[in-house]
Amino acid sequence: MTAGPAPRWSRPASGREPAAAALLSWLGDPRAPGLAVVTGAEGSGKSRLLAWLIGHGTRPGTVSERRIHGFVPLPGQTATTAAWMLGEQLSIAARSPGDLLAALAADRRRTVIALPELHSAEQPGSLVDLVLGLASLEHVRVLVEVRSGTEWAQALTAGPCARMDLDEPQWTDEARRASWDAAHPAGPAGQDPEPEEPFDLDDPASVCAADPWSVTTAYERSEESHGGLRAAWLRAGASLTREQPAAERALVLLAALGDAGDPRLPATLTSLARDASWTVVWHRVRGDVTPPWPGPVRSLAAGTGPLAGQLVVADHQGTVRVLDAESARSVGRLPHSVPGLRATAEHGDGTVSVLDEHGLLHTQRAAESAKPKGLAALLDDGLSGQEQLVKAVQEYTQRQQETVTALTGAGDRVVLGDAAGTVHVVTVGAEPRTAALHRGRVTAVAGTALPVSAEGDTVLLLYTGGADGTVRAWAPHTDPMPEPVAARNCAVNAVAVAMADAGLVLAIAWADGLVEHRALDDDRLRTFHPGSQAHALAFTAEGDLVVGTDEALVRLRGR
């Protein structure tokens, strides 16, 4: 199908054709500075010029060199709220300006950001720092509007930039301006906006029902804890500021609430969230003491066999803890940390394999499995079936040219994904099965035994996620499904799959912070936005979903 022609651009208002042409030239010139600053006195038309550029540059079909990828009107905003808004538009889970900068630095695609009216921001100084940080990235262009004569204008133009002062005559075609003014006579002054409804920062019902951006600004200004609400709100603000019912906002706030706050708040928020799509069974957030937060989560696995009823939780430093799935209390840990941890696999016999960033496996015992006794022990002095499997997987990975990037256990099999997009199923006594499922790195694999007969026969069903933004299904005894199960414009961080009372359920964590829960037998969809990227997912034996982020570990139950 041939793409249609690019949409035509209208003329800018008030004879600003020279200024508009200069901005389009800046966008299209690869040698131009990464920062463009539009200045001028109050009423000079700065905001109208940027509105013209943003309005055209965000339309579908706009040519790539004129495309505006993200914009935030800055009046009343802080650097944090601006980062949240840009993260939402750019499919980035950004809890802070630093998160936004790190994510954009890692993504080398051209990105153009427009930021009108910086001089009216809540925190202009911190926004200047954010603008300069963004503009320092080679592949990022930033267009910012700021009033002339302010310290913020001086700070932005002190270094390399393309500067346009709309008070200077060369940026206006006076003949066209006169024609425009004659055709567009000035109307009456606009009415003052309606006064904002007041809200109480100590009252969870009040903040969940109020304008979330105003609540965020108020919490940033405040130096009080507000019973723990302030820390929870700012922890999950990238989610709380989304358009959503008050009950869903209360659910997110509850999942982000620490245990050092007002002990009455959990019950209050639980009541406020009674109409949400989830209930919070338990949650542990950064700083919690009883039981302690297990650290930033990088991998999760639900235990089986000797580890049944437990969760295998790995953190960012490669420490692997075993938690009670009912309470999140620690019941043990693996003896050795694995720096650069990427994934874990639980094998059903008390052993856990850890995959590191180099694609190497490290297997340790987390719990003792039942040992043969008596005559059976004398006759069985070799490796157990699971030990043979782990040995076969280690030998197999050492022969691979591509780095292994994803891992999961699946009964008597281990499933691997590699940097080239291939998924491998390894078992003892059989040739490995492979399938090229993704373009680029496999980021996540999960499997479940799917019943296929009344006699209890099952087949292994796999779901895999990739950096290409797709989730695919494959039963290794047959060919993969030709079309992805899900696809979005961001990478997949984690997947989990299980057979629940409602049938087959699939969970997907996307890199922009969205967590999806799909009931595949009837196409029901639940979502959860924790406020930061979910790096790991797992289903408990009861079918609850456990979500791990840098800030929290949460067990959710669908309503």
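Heads up: the structure comes first, above all this text.
### Topic: the sheet that holds strand 11 (residues 341–346)
Turning to step 1, where the next piece is worked out: Taken in spatial order, the three strands make up an open sheet running 11-12-13, and their pairing is antiparallel. Of all the strands in the sheet, the pair left with one neighbour each is strand 11 and strand 13 (361–365). Averaged over all pairs of adjacent strands, the angle between their axes in this sheet comes to 25 degrees, without regard to strand direction.
Turning to step 2, where the next piece is worked out: Where strand 11 and strand 12 (residues 351–356) come together, five bridges link them in antiparallel fashion. When the sheet's bridge partners are listed, threonine 344 is paired in strand 12 with valine 354.

### Topic: the side chain of histidine 347
Turning to step 1, where the next piece is worked out: Here histidine 347 shows up in the loop between strand 11 and strand 12.
Turning to step 2, where the next piece is worked out: Residue histidine 347 is classed as buried on the basis of its relative accessible area of 7%.
Turning to step 3, where the next piece is worked out: Engagement of the side chain of histidine 347 in a polar contact is seen with the side chain of serine 353, the distance being 2.7 Å.

### Some thoughts on the pairing of strand 24 (residues 515–519)
Note on strand geometry: in a regular strand, side chains alternate between the two faces of the sheet.
Turning to step 1, where the next piece is worked out: Taking burial as the measure, the five residues of strand 24 include five buried ones, the bulk of the element.
Turning to step 2, where the next piece is worked out: Of the two faces of strand 24, the one holding Val515, His517 and Ala519 and the one holding Glu516 and Arg518 are both buried throughout.
Turning to step 3, where the next piece is worked out: Judged from the five bridges that link them, strand 23 (residues 503–510) and strand 24 form a sheet pairing that is antiparallel. Bridge pairing in strand 24 places isoleucine 508 opposite glutamate 516.
Turning to step 4, where the next piece is worked out: Counted along the chain from strand 23 to the antiparallel partner strand 24, the turn is four residues long, and its residue glycine 513 has a positive phi close to 100 degrees.
Turning to step 5, where the next piece is worked out: Summarising the sheet, strand 24 and strand 25 (residues 524–528) pair through five bridges and their orientation is antiparallel. Paired with alanine 519 across the two strands is arginine 524, which belongs to strand 25.
Turning to step 6, where the next piece is worked out: Turn length for the strand 24-strand 25 hairpin, with the two strands adjacent in sequence and antiparallel, is four residues, and the turn residue aspartate 523 shows positive phi of about 65 degrees.

Conventions we followed
- Residue numbering note: each chain is counted from 1, following its sequence as written.
- For a predicted model such as this one, the threshold for reporting local features is a pLDDT of at least 70, and the threshold for listing and counting side-chain atom pairs is 80 or more; totals across whole chains, interfaces and linings nevertheless cover every residue.
- To get the side-chain values, take all heavy atoms of the structure and skip hydrogens and water.
- One bridge is not enough; two strands pair if DSSP finds at least two bridges between them.
- Numbering goes from the N terminus for both helices and strands, where a helix is a DSSP run of H or I of at least four residues and a strand is a run of E of at least two.
- For every element, the axis is a line fit to its C-alpha atoms; helices are fit only across the contacting stretch, and the angle between N-to-C directions ranges from 0 to 180 degrees.
- The buried label applies to any residue whose accessible area, calculated with a 1.4 Å probe on protein chains only, is under 20% of its type's maximum; exposed applies above 50%, and partly exposed to all values in between.
- Nitrogen and oxygen atoms within 3.5 Å of one another constitute a polar contact, given that in protein one can donate a hydrogen and the other can accept it, and given that sequence-neighbouring residues count only through two side-chain atoms.

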